[in-house]
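# Structural features, examined
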Amino acid sequence: MNSSWRDEQHPSFIKFVSSFLGSNSFRLNFVPIAPDFIFNCGGLSVAFVFLTNWDCNNVSSFFNRVKKLKGQFAHLYVVVTLPTKEQNDSFIRSYFKNEMELGRPQFVPVQDLEMGFEKIVKIAHSRGMCKRQDAVSKLKAERKRSVETMDNFLKVVTSVPGIDNHDAHALNQAIGSIKTIAKASKESILENTDLSADKADVIVRFFRDPKFYLSPKIN
């Protein structure tokens, strides 16, 4: 939380904020940051401006601040407390008068302070969950690609006469890719794996001797 923003609020509201964060497993720190809040959820930083008192006669500085912060934070939300119709109408007029870009950043009008802060925590939490799910999806996709790559590796290496899955895994762990195996010497294969001399000889011939790898074979 921005320490200056804290000093402008009523102590009872700060107490509510602290209690609400604690009940939602957040740890609160007071620091001189540019926004009013920065949440770190799931490795994602989400910034918030929280205007708790809409002053119809002093809005230009508020929108100028928002425009500046928009360029500094990729994930910025602006929560504005508008308890009366007059304040809501003033906000709408001022929003377009100050030429704000729709959705950048996202404005969230609320009727009271507690509702506003609850919205902030829900937004931060949901963005963090989306980040985690995206990371999990990427890990699953990477694992799938890895499995598919290993399947293709096994198909190629076990096509060498006399080489089984155990041999293929040993070659993969000790020598590496098919390209590396194709360049490996018989001595290197014997030194780094448990393959026999006959199998090492077959592998070297398979990848380097056209007469061998082009000849018909019966499995």
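Heads up: the structure comes first, above all this text.
With 12 residues, helix α9 (residues 197-208) should reach 16 Å at 1.5 Å per residue; the first-to-last C-alpha distance of 16 Å fits that figure. Among the residues making up α9, those that are buried are A200, V202, I203, V204 and F206.

Attention now goes to the side chain of T52. Within the secondary structure, T52 is located in the loop between β2 (44-51) and α3 (60-70). Polar contacts involving the side chain of T52 include one to the side chain of Q9, which spans 2.9 Å. Aside from chain neighbours lying at most four places away, what touches T52 is W5, Q9, F13, T81 and L113.

Looking now at the pattern of salt bridges. Applying the stated criterion across every chain yields a total of six salt bridges. Across the salt bridge formed by R6 and D7, the nearest N and O atoms sit 3.1 Å from each other. Salt bridges here are not isolated pairs; linked through shared partners, they connect K70, E101 and R104.

What follows deals with the environment of V59. Tracing the chain through its elements places V59 in the loop between β2 and α3. On the basis of relative accessible area, V59 is assigned to the buried category, the value being 12%. A sequence separation of 35 residues divides V59 from S94, and the C-alpha atoms of the two residues are 7.2 Å apart. Excluding residues that lie within four positions of it along the chain, V59 makes contacts with W54, S94 and N98.

Right, let's talk about the nonpolar core for a bit. Of all hydrophobic cores here, the largest spans 24 residues; its most connected members are F37, F39, F48, F50, F117 and I120. Contributions of two or more residues to this core are made by α2 (11-23), β1 (37-41), β2, β3 (76-81), β4 (106-110) and α5 (113-157). Non-local contacts of F48, meaning those with residues more than four positions away in its chain, are made with P35, D36, F37, F39, L76, Y77, I120, I123 and A124. Grouped together as the second largest cluster of nonpolar side chains are 18 residues, L154, L195, V204 and F206 included.

Procedures and definitions
Residues numbered from 1 in each chain as written. Predicted model: local features only at pLDDT ≥ 70, side-chain atom pairs only at ≥ 80, totals over all residues. Heavy atoms only, no water. Helix = DSSP H or I, 4+ residues; strand = E, 2+ residues; numbered from the N terminus. Expected span 1.5 Å × (residues − 1). Buried < 20%, exposed > 50% of the residue type's maximum accessible area, 1.4 Å probe, protein only. Polar contact = N/O pair within 3.5 Å; in protein donor to acceptor, adjacent residues only side chain to side chain. Contact = heavy atoms within 4.5 Å. Salt bridge = Lys/Arg side-chain N within 4 Å of Asp/Glu carboxyl O. Core = buried A, V, L, I, M, F, W, Y, C linked by side-chain atoms within 4.5 Å.

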